[in-house]
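Here are the chains, one letter per residue:
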Amino acid sequence: MSGTGIKLSFGEKFGYGLGDLAANLVFQTVMALQMIFYTDTFGLTAAQAGTMTLLVGLGAAVFNPVMGVIADRTHTRWGRFRPWLLWTAVPFGVIVVLTFTTPDLSPSAKLIYAWVTYLLLRLVYTANNVPYSALTGVMTDDPTERNSITSFRQFFANIAGFIVGSLAIPMVAILGHGNNARGFQATMGLFSVIGAVLFVVAFAVTRERIEPDPQQNTSVKRDLADLMKNGPWIALFVVTNFYFIALAMRNSMMLPYFKYCSGNQFLYSWFNGFGLTAILIGVACSTAFTKRIGRRALFFWSMLLTGIFNCALYFLSPTAIVPIILLEVARQFAFGCSGPVLWAMMADVADYGEWKTGRRATATVISAVVFALWTGLAIGGAIAPWLLSYYGYQANVQQTEHALLGIRLIASVYSGAAFLAVAVSLLFYSISMKRNLAISHDLAERRKSHHSAS
């Protein structure tokens, strides 16, 4: 796949990627550690954590398309989307620390505190991340450059995943001096300071270049109606939903897997270290694979292999650490190839909508896909603890055989089935490599005529 549009400097791509490093220090923690933080440190039951994750998650997810509409209609000298990185940097950090603080309150008051802070975290994350994601669609119109941008983004997202997966638990122990509540608060405080700085850097080095046709006649109602006629967007919505259901289930279960099934939670750091190294290699290979077979085909094979390898974990003994790590390396390499593709495809469906209707609403289209991301996380994040509760899980005690079976099934077969559902859903996504290039070329010609007319 190649393009002839706007080329970007290494520095701009690198700086843009730093924004996802900042966001993923939080996002990866939420996916991997928040459930066990709420049950084993904060003091909620698994059922309480699951219900809160679902209801708050679904409620906050509705804010994504709202934020998309707001961002598309933001007008500043810095652009529509970049300013939100600057405006949200500090509030984001403050709310993250509050979310991972364990207050000295009654059980009912603590439950209310958890609901309020988690809701605020989800809202500020959306206000930051929807405009950030929309930037991909307006920095360049070149399909290859977009894949390159998202490769930088995914590379740094996985660096954050490496930091969280390999270092967060040791940091909690060291910074908390044996007090997990203090350790989580200090660790997330450090992540928040780093994140705020990186958001400002991402704001400073990026530029918005693709503007809607100044003559386009649009409204919120029309933008939303256009979405319902955008077949690739509908397919990508389903894909994204299953993708993050799978991630939420799998990622939240691996620390309990090592803590209770393998009997050593510190193996979790080694497991993640090797696996996330494999992800980075997969991300690095993604652009080359995309040029050869296209985004849709690469995503399909990535998810098919990820699902198969994920399910295979069930057939390994939890104490067979070397085979488990080798399987994870293979799984994470396959998974890593898909990371940049999903975010680039979000910009592609925005292009498709403009190509079909003559109207562009980048943030609205992308935020509606991100809505699927958060509903997926809410559903997957609720299913995992609900299943734990069903299998009889109790925090910080020796688990029954039934509970151990539940942990193993969620970590392997159940989450693996969701990855396989992603592969099936991709069969209905109609933007092939050839069609993507044709759309990009047609839109570039239209924009030239718009500039000539103005």
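That block above? That's the structure.
The sections below set out a description of the structure shown in this document. Since this is a predicted model, take the numbers as computed values, not measurements.

Criteria and thresholds
For every chain, the first residue of its written sequence is number 1, and the numbers climb from 1 along that sequence. Residue-level local features of this predicted model are given only where pLDDT is at least 70; pairs of side-chain atoms are given and counted only at 80 or more, and the full residue set underlies all totals for whole chains, interfaces and linings. Heavy atoms from the whole structure form the basis of all side-chain values; hydrogens and water molecules are not counted. Counting from the N terminus, the helices are DSSP H or I runs at least four residues long and the strands are E runs at least two residues long. Computation of the radius of gyration draws on C-alpha atoms, with the globule rule given as 2.2 Å multiplied by the number of residues to the power 0.38. When accessible area is computed with a 1.4 Å probe and restricted to protein chains, residues below 20% of their type maximum are described as buried, those above 50% as exposed, and intermediate ones as partly exposed. Throughout, a contact is declared for two residues whenever any of their heavy atoms are within 4.5 Å. By the counting rule applied here, Lys and Arg register as positive and Asp and Glu as negative, while His and the ends of each chain are not counted. In plain terms, the charge of a residue is placed at NZ if it is Lys, CZ if Arg, CG if Asp and CD if Glu. To obtain an axis, a line is fitted to C-alpha atoms, over the contacting stretch when the element is a helix, and the angle between two such axes runs from 0 to 180 degrees between their N-to-C directions. Between 65 and 115 degrees an angle is taken as roughly perpendicular, under 35 as roughly parallel, over 145 as roughly antiparallel, and anywhere else as oblique. Here a crossing is called left-handed whenever its near helix is offset anticlockwise from the far helix by less than a right angle, and right-handed whenever the offset is clockwise. When residues are sorted by character, Ala, Val, Leu, Ile, Met, Phe, Trp, Tyr, Cys and Pro go into the nonpolar class, Asp, Glu, Lys and Arg into the charged class, and all the rest, Gly among them, into the polar class. Among buried residues, those of type Ala, Val, Leu, Ile, Met, Phe, Trp, Tyr and Cys that are joined through side-chain atoms within 4.5 Å constitute a nonpolar core. Here a patch means residues that are over 30% exposed by relative accessible area and free of salt bridges, tied together within 9 Å if like-charged and within 5 Å if nonpolar (Val, Leu, Ile, Met, Phe, Trp, Tyr). A 1.4 Å probe and the Shrake-Rupley method give the accessible areas. Residues count as covered only by the protein chains that appear here. A carboxyl oxygen of Asp or Glu within 4 Å of a side-chain nitrogen of Lys or Arg is what we treat as a salt bridge. The term polar contact refers here to a pair of N or O atoms within 3.5 Å; inside protein, the definition further demands a hydrogen-donor-capable atom paired with an acceptor-capable atom, and it admits residues adjacent in sequence only when both atoms are side-chain atoms. The span one expects for a helix is its residue count, reduced by one, times 1.5 Å. Take the seven residues that end at a residue and the seven that start at it, fit an axis to each, and the angle between those axes is the bend at that residue. Throughout, the protein atoms alone are placed on a 1 Å grid, and a set of points is a cavity if a 1.4 Å probe fits but cannot get out or a pocket if it is open with protein on both sides within 12 Å along at least five of seven lines; lining residues have an atom within 4 Å of a point. Grid points are joined across faces, edges and corners, and a volume is the space filled by probe spheres set on the points.

## Examining the overall build of the protein chain
- Within the protein chain, the regular secondary structure consists of 17 helices and zero strands.
- Here the C-alpha radius of gyration of the protein chain, 21 Å, is about what a compact globule of 454 residues would show, namely 22 Å.
- When its C-alpha atoms are laid out on the principal axes, the protein chain stretches across 70 × 45 × 35 Å.
- The burial tally for the protein chain puts 60% of its 454 residues in the buried class.
- Considering only contacts in the protein chain between residues 6 or more positions apart, those separated by 24 or more positions represent 85%.
- Of the charged side chains in the protein chain, 32 are positive and 20 negative; the average position of the first set lies 2 Å away from that of the second.

## So, the packing of helix H10 (residues 231–262) against helix H16 (residues 401–426)
- Following both chains from N to C, one finds H10 and H16 inclined at 160°, their axes separated by 8 Å at the closest point. The orientation of H10 relative to H16 falls into the category roughly antiparallel. Relative to H16, H10 is oriented so that their crossing is left-handed.
- Class assignment for the residues of the contact of H10 with H16 results in 24 nonpolar, two polar and two charged.

## Section: the nonpolar core
- Grouped together as the largest cluster of nonpolar side chains are 129 residues, with contacts concentrated most on Leu33, Tyr38, Leu236, Tyr243, Tyr257, Phe299 and Met303.
- Looking at this core, the element that brings in the most residues is H10, giving 18 residues.
- If we skip the residues at most four places from it in the chain, Tyr243 touches Phe299, Met303, Phe335, Ser338, Gly339, Leu342, Phe419 and Val422.

## Topic: a nonpolar patch on the surface
- A surface patch of nonpolar side chains, amounting to about 240 Å² of accessible area, comprises Leu86, Trp87 and Val200.
- By the secondary structure assignment, Trp87 is in helix H4 (residues 82–99).

## A few points about the side chain of Thr99
- Looking at the element boundaries, Thr99 is found in helix H4.
- Overall, the relative accessible area of 1% leaves Thr99 in the buried class.
- Looking at Thr99, its side chain comes within polar contact range of the main-chain oxygen of Thr117, at 3.2 Å.
- Excluding its chain neighbours within four sequence positions, the residues that come into contact with Thr99 are Gln34, Phe37, Tyr38, Thr117, Tyr118 and Leu121.

## So, the packing of helix H12 (residues 295–312) against helix H14 (residues 339–357)
- Relative orientation of the contacting elements H12 and H14 amounts to 145°, with a least axis distance of 10 Å. For the element pair H12 and H14, the recorded crossing hand is left-handed. From H12, Arg295, Leu298 and Phe299 reach across to H14, where they touch Val341, Leu342, Ala344, Met345 and Asp348.
- Across the contact of H12 with H14, the residue classes break down as six nonpolar, no polar and two charged.

## Looking at the pattern of salt bridges
- For the structure on display, the rule yields nine salt bridges.
- Note that Arg209 and Glu12 form a salt bridge whose closest N and O atoms lie 2.8 Å from each other. Of the two residues, Arg209 is situated in the loop between helix H8 (180–205) and helix H9 (220–228) and Glu12 in helix H1 (residues 10–42); the sequence distance between them amounts to 197 residues.
- The class of Arg209 is partly exposed, set by a relative accessible area of 34%.
- With a relative accessible area of 6%, Glu12 lands in the buried category.
- Of the charged contacts in the structure, one is a salt bridge between Asp348 and Arg295, with a shortest N-O distance of 2.7 Å. Here Asp348, found in helix H14, pairs with Arg295, found in helix H12; they are 53 residues apart in sequence, far enough to count as distant.
- Assessed through its relative accessible area of 3%, Asp348 is described here as buried.
- Salt bridges sharing partners connect three or more residues here, namely Arg250, Glu328 and Arg331.

## A closer look at H16
- For H16, with 26 residues, the first-to-last C-alpha span of 37 Å sits near the 38 Å given by 1.5 Å per residue.
- Taking the largest bend as the criterion, H16 deviates by roughly 45°, centred on Ile410.

## Points about empty space enclosed by the protein
- Under the definition given, this model contains five cavities of 30 Å³ or more.
- Considering only enclosed or pocket space, the largest cavity measures out at about 430 Å³ in volume.
- Sorting the residues of the lining of the largest cavity by element identifies H1, helix H5 (107–134), helix H7 (143–176), H10, helix H11 (267–293), helix H13 (321–336), H14 and helix H15 (362–390) as the ones contributing at least two each.
- In the lining of the largest cavity, the residues fall into 19 nonpolar, 10 polar and five charged.
- Size it by volume and the second largest cavity reaches roughly 190 Å³.
- Surrounding the second largest cavity, 18 residues form its lining, Val30, Gln34, Thr53, Tyr118 and Gly381 being those nearest its centre.
- At the level of secondary structure, the elements contributing two or more residues to the lining of the second largest cavity comprise H1, helix H2 (46–61), H5, H10 and H15.
- Across the lining of the second largest cavity, the residue classes tally to 12 nonpolar, five polar and one charged.

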